[in-house]
Every structure is written in structure tokens, then in C-alpha cells.
Amino acid sequence: MLSESNLLDRVFQALSDPTRRAIVERLVEQPMTVSAIAAPFPMSLPAVMQHLAVLETAGLVRSYKEGRVRTCMIDPVAMRLVEHWVDDRRRDRRRPFDRIDEYLVAAD
């Protein structure tokens, strides 16, 4: 099993590409078939499938196949991991200001 740090590395690497970010943004709205995902992009279907493979390896996207149709959706686990990581960094940055606030309130 991947460590949390390795998973974050894969997630951020996957999201470093603008096409993959656009795919994620589309999939956040609703699950889609690979063909529907590929439609607005000026690239071949195999190129879009390579982007989807990177997103799946990173844990951001899941897919299932019914007959000849593959449907993709966001996997919320990796998204929550990124959200928690960002929230932790945000809290760390606010902590010194919270201490200043506490000091100023106590000084009054």
C-alpha cells in the first residue's frame, strides 16, 4: 500500500497537467463515459485514455466497464486527502496570527 506522502506525490503530479485538471473538473460534475470526456479536447481518444490512466493511478479517478462502454468518476478518497493536506497547511499558516490575536485580546 502507498504511504500518504507517496499518494500525495502522485496526486499532485497528476494534477500538474492542465488537461488532467480539466478532466477532473468535468468529472466532479458527474460520471462520464470516456468518449464524453474526450469530446471537448483536441486530441485523440488514446491520448485522453493515457491522461485517465494517470488519474486512475493517482487514485483520483475510478472507472468501470459495461459492455464496450467505460465510465469514469471521481474517487473522493484521494480528493479528501488533498483537501486535508491543504487545510493542514492553512491552519499552520494561521497559527502565529491566532497567537498574536490572543496576545492583543489579553493585553486589553
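Residues numbered from 1 in each chain as written. Predicted model: local features only at pLDDT ≥ 70, side-chain atom pairs only at ≥ 80, totals over all residues. Heavy atoms only, no water.

**Student:** Quick question: what am I supposed to make of the nonpolar core here?
**Tutor:** In globular proteins that are soluble, nonpolar side chains generally tend to be buried together. Ranked by size, the top nonpolar core spans 23 residues in total, and within it Ile 23, Leu 27, Ile 37, Leu 52, Leu 55 and Leu 60 carry the most contacts. Of all the secondary structure elements, the ones that give two or more residues to this core are helix 1 (4-15), helix 2 (18-29), helix 3 (34-38), helix 4 (45-57), strand 3 (69-74) and helix 5 (76-107). Apart from residues lying up to four places away in sequence, Ile 23 is in contact with Ile 37, Phe 41, Val 48, His 51, Leu 52 and Leu 55. (Core = buried A, V, L, I, M, F, W, Y, C linked by side-chain atoms within 4.5 Å. Buried < 20%, exposed > 50% of the residue type's maximum accessible area, 1.4 Å probe, protein only. Helix = DSSP H or I, 4+ residues; strand = E, 2+ residues; numbered from the N terminus. Contact = heavy atoms within 4.5 Å.)

**Student:** Explain the pairing of strand 3 to me, please; I cannot follow it from the model alone.
**Tutor:** Regular strands place their side chains on alternate faces of the sheet. In terms of strand pairing, strand 1 (residues 32-33) meets strand 3 through two bridges, oriented antiparallel. Considered in strand 3, the bridge of Met 32 is made with Cys 72. Across six bridges, the pairing between strand 2 (residues 61-66) and strand 3 is antiparallel. Within strand 3, the residue paired with Val 61 across the bridge is Ile 74. Linkage of strand 2 to strand 3, two consecutive antiparallel strands, is achieved through a turn of two residues, within which Gly 67 is found at a positive phi near 65 degrees. (Pairing = 2+ DSSP bridges.)

**Student:** Please clarify how helix 1 should be interpreted in this entry.
**Tutor:** Every α-helix carries 3.6 residues per turn, so stepping three or four residues along brings you back to the same face. The end-to-end C-alpha separation of helix 1 is 16 Å, in line with the 16 Å expected for 12 residues at 1.5 Å each. Here helix 1 has its buried residues at Leu 8, Val 11, Ala 14 and Leu 15. When helix 1 is viewed along its axis, its buried side chains cluster within an angular range of 130 degrees and face the same direction. (Expected span 1.5 Å × (residues − 1). Arc of directions from axis to C-beta.)

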